[in-house]
Amino acid sequence: MFHSRWLRQVTVMACLGLTAPALAHDDSLDIVAPWEINSPDPSRAGHVFLRMQVAETLTDTDREGRLSSGLATDWQVSDDQLTWRFAIRQGVQFHDGTELTAALAADALQRAASRPGMLDQAPIAAIEGRGNDVVIVLDSPYALLPALLAHSSTQILAPASFGADGQALQVIGTGPYAVTSLQTPQRLAVTRFDAYWGEPAAIEHASYLAAPRGETRALMAQSGDADIVYTLDPASRLRLERTANVALFAEPIPRTVAIKANAAHPALAEREARQALSQAIDRRGIATGILRTPDAAANQLFPPALAAWHQPGLAEQRHDLEEARETLAALGWQRNAQGMLERDGQPFALTLTTFADRPELPIIATVLQDQWRQLGIDVSVNVGNASEIPAGHHDGSLDLGLMARNFGLVPDPLATLREDFGPQGGDWGAMNWSDPQLTELLETLSQTSLPPEQRQTHIAEAATLLNQAMPVIPVAWYVQTAAVTQQVEGFSIDPLERSYRLSDLRWSDT
């Protein structure tokens, strides 16, 4: 029975241009998701190793997404807010048998701080192990530090994971699963680590396959060639609803489908122009017709899952083409003989760049193209790799980027917002746009432990400013989806996308 499943999987993947898998354990839990494993380096593909529970971080999150202990059992900060001490959990082993110590954890964090990642935004002066504590000294107060230490790029790996030049060669972590095989960029196999410090996993073997094409993933779920498949397009979800022995899951997560706008582009520099583009979007139609989730229509950047940042009672973003036309006319845009907008002899023409790793994005891009054409804007759609959006940000070539931004990369979204909307903007945030008031609000929130009421006031002011200026235009709130074979019990979706929760799973008795 298993060999026939493997042969089907080889046939399916060969037809779709993917590398055929090696014959694996017949009791392996097979997971398929869009994201390639580009490197064993935590700064490049740490999210996969964190989700597969191979590696762990000093801090973690609980079931409600709140900051909790990880490899550090607790932490404290000095009165001047400059020195943080993280007590390292005792009795923890790396997968090669090396004992975790504060010194080794400090070495791993020093390496993380030297690479691109979330940790480089903290004003770190020194990281060292002192006794059983990792001590981090700051140049200035930074209240977000414990939250940053939950980011996948800060995972703690054994010294043997790295070569003499400091480059990552393999992934030796402390999690409930250890790597047995890594074939970049597609495949990862893991096995249960019996010396794990916490609750042992029930399922012994698991594998991960990166399959960027949505139809590939859906076909593998439908044929039974995968046990868990993440990120399904709406058409596949409808088809899988009629597939026996497959259960569908959906969970709202703190991720927003949004449009990144180049505020230096002559047609996008005025706030009113970006607002007009927003008014031309039929969000309810996109949420209902494409995402099959009417409540996903985004009236603001931050979804309800981000309770502190979400503004309850805010009116729905109106779909009003006539008002959008009047707004652009007031900016000097007039229709030409072909019915398209021009100003000073220049057409209102833009390129919208997106990627297919999230299968709904190209469909949404096509709908946006049509809706903006009704407004008189000539939009070309470029479906490429996800890397094209940050690349276009850096070289200035990007006009518009359609993306799905995760505001739950760390337990406090403020860290992501500082990365996206700081004075220099961010790869997945503002482009050629900044606001001194917003910068001051974000800096105050990140540096100081404010009383709850004052903190919430500052958060509301920052959220309001972003919703009005629209350097990033919200379209829909994201719902993570998964198809799971009924042979698996205990499945749930982590709303922060930190973990696939493999250690919760077990094989069904039926």
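Here the residue numbers are simple positions, counted from 1 along each chain's written sequence. With the structure being a predicted model, the display of local features is reserved for residues of pLDDT at least 70 and the display and counting of side-chain atom pairs for 80 or more, all residues being used for whole-chain, interface and lining totals. Side-chain measures were taken over the full set of non-hydrogen atoms in the model, leaving aside hydrogen atoms and water.

Trainee: Where do I start with the packing of helix α9 (residues 321–330) against helix α10 (residues 360–375) in this structure?
Mentor: Helix-helix packing: each pair is described by the crossing angle between the helix axes and the interaxial distance. Helix axes are fitted only over the stretch in contact, all axes being lines through C-alpha atoms; the angle between N-to-C directions runs from 0 to 180 degrees. In DSSP terms, a helix is any run of H or I states spanning at least four residues, a strand is any run of E spanning at least two, and both are numbered starting from the N terminus. Viewed as axis vectors pointing N to C, α9 and α10 meet at an angle of 60°, and their least axial separation amounts to 9 Å. Accordingly, the angle class assigned to the pair α9 and α10 is oblique. Taking contact as the criterion, the partners of Leu321, Ala324, Arg325 and Leu328 in α9 are, on α10, Gln371, Gln374 and Leu375. Here the term charged refers only to Asp, Glu, Lys and Arg, the term nonpolar to Ala, Val, Leu, Ile, Met, Phe, Trp, Tyr, Cys and Pro, and the term polar to all other amino acids, Gly among them. Broken down by class, the residue content of the contact of α9 with α10 amounts to 4 nonpolar, 2 polar and 1 charged. Our angle categories are set so that under 35 degrees counts as roughly parallel, over 145 as roughly antiparallel, 65 to 115 as roughly perpendicular, and the remainder as oblique. Whether two residues are in contact is decided by their heavy atoms: any pair within 4.5 Å suffices.

Trainee: Where do I start with the confidence of the model for the protein chain in this structure?
Mentor: Detailed reading of the predicted coordinates is not advisable wherever pLDDT falls low. You can read pLDDT as the predictor saying how much it trusts each residue, on a scale of 0 to 100. Averaged over the protein chain, the pLDDT score is 92; the fraction of residues at 70 or greater is 95%. Scored below 50 in pLDDT, residues 1–8 shows 16 contacts in the model against residues more than four places distant or in partner chains. Long-range and interchain partners of residues 10–25, a stretch whose pLDDT sits below 50, account for 27 contacts in this model, where long-range means more than four residues apart.

Trainee: It is not clear to me how the pattern of salt bridges should be interpreted in this structure. Could you clarify?
Mentor: Side chains that differ in charge, positive against negative, can pair when their charged atoms come close. By convention in these notes, a salt bridge is any Lys or Arg side-chain nitrogen within 4 Å of a carboxyl oxygen on Asp or Glu. Scanning the model with the defined rule gives 21 salt bridges in all. With a shortest N-O distance of 3.5 Å, Glu322 and Arg325 are connected by a salt bridge. Of this pair, Glu322 and Arg325 both sit in helix α9, 3 residues apart, which is roughly one turn of that helix. By relative accessible area, Arg325 is classed as partly exposed at 28%. Arg501 serves as the salt-bridge partner of Asp494, at 3.7 Å between the closest nitrogen and oxygen. Classification of Arg501 by relative accessible area gives buried; the value is 11%. Taken together, the shared-partner salt bridges in this structure form one network comprising Arg318, Asp320 and Glu323. For the exposure calls, accessible area comes from a 1.4 Å probe over protein chains only, and a residue counts as buried if that area is under 20% of its type's maximum, exposed if over 50%, partly exposed in between.

Trainee: Looking at this structure, I do not really get the nonpolar core. What am I missing?
Mentor: One recurring pattern in soluble globular proteins is that nonpolar side chains are buried together. In plain words, nonpolar cores are sets of buried Ala, Val, Leu, Ile, Met, Phe, Trp, Tyr and Cys residues tied together by side-chain atoms within 4.5 Å. One finds Leu145, Ile259, Trp309, Trp372, Ile377 and Phe421 to be the most contacted residues of the largest nonpolar core, which totals 104 residues. Broken down by element, the residue count for this core peaks at 7 residues, all from helix α3 (residues 102–113). Not counting residues up to four positions away in its chain, the partners in contact with Trp309 are Gln300, Phe302, Pro413, Leu414, Leu417, Leu442, Leu445, Ile459, Ala462 and Ala463. Counting 33 residues, the second-largest nonpolar core is a separate cluster that includes Phe49, Tyr177, Ala201 and Ile228.

Trainee: Can you walk me through the sheet that holds strand β15 (residues 346–347) in this structure?
Mentor: Strands in a sheet are paired, the pairing made by backbone hydrogen bonds, and the direction either parallel or antiparallel. Any two strands are treated as partners once DSSP identifies two or more bridges connecting them. Taken together, the 3 strands give an open sheet; going across it, the order is β13-β14-β15, and neighbouring strands pair in antiparallel fashion. Whereas interior strands pair on both sides, the edge strands pair on one side only; in this sheet they are β13 (334–335) and β15. Here β13 runs beside strand β14 (residues 341–343); their pairing, made up of 2 bridges, is antiparallel. The partner of Gln334 across the bridge, within β14, is Glu342.

Trainee: Looking at this structure, I do not really get the sheet that holds strand β16 (residues 349–355). What am I missing?
Mentor: Taken together, the 10 strands give an open sheet; going across it, the order is β8-β9-β10-β1-β11-β19-β12-β18-β16-β17, and neighbouring strands pair in mixed fashion. Of all strands in the sheet, those with a lone pairing partner are β8 (177–183) and β17 (378–384), marking the two edges. Here the strands of the sheet are splayed against their neighbours by 25° on average, with no regard to which way each runs. Relative to strand β18 (residues 400–406), β16 is paired through 2 bridges, and the arrangement is parallel. Counterpart to Leu352 in the pairing with β18 is Leu400. Contacting β12 (246–261), β16, β18 and β19 (472–485), helix α7 (residues 271–279) runs over the sheet at an angle of about 45° to β19.

Trainee: Would you take a moment to explain unusual backbone geometry for this structure?
Mentor: With the exception of glycine, the majority of residues adopt a negative phi angle, and the majority of peptide bonds are in the trans configuration. In this structure, the amide linkage connecting Thr184 to the following residue, Pro185, adopts the cis form with an omega of 5°. Within the secondary structure, Pro185 sits in the loop between β8 and β9 (187–192). Positioned with a positive phi, Asn432 is a non-glycine residue whose angle comes to about 60°.

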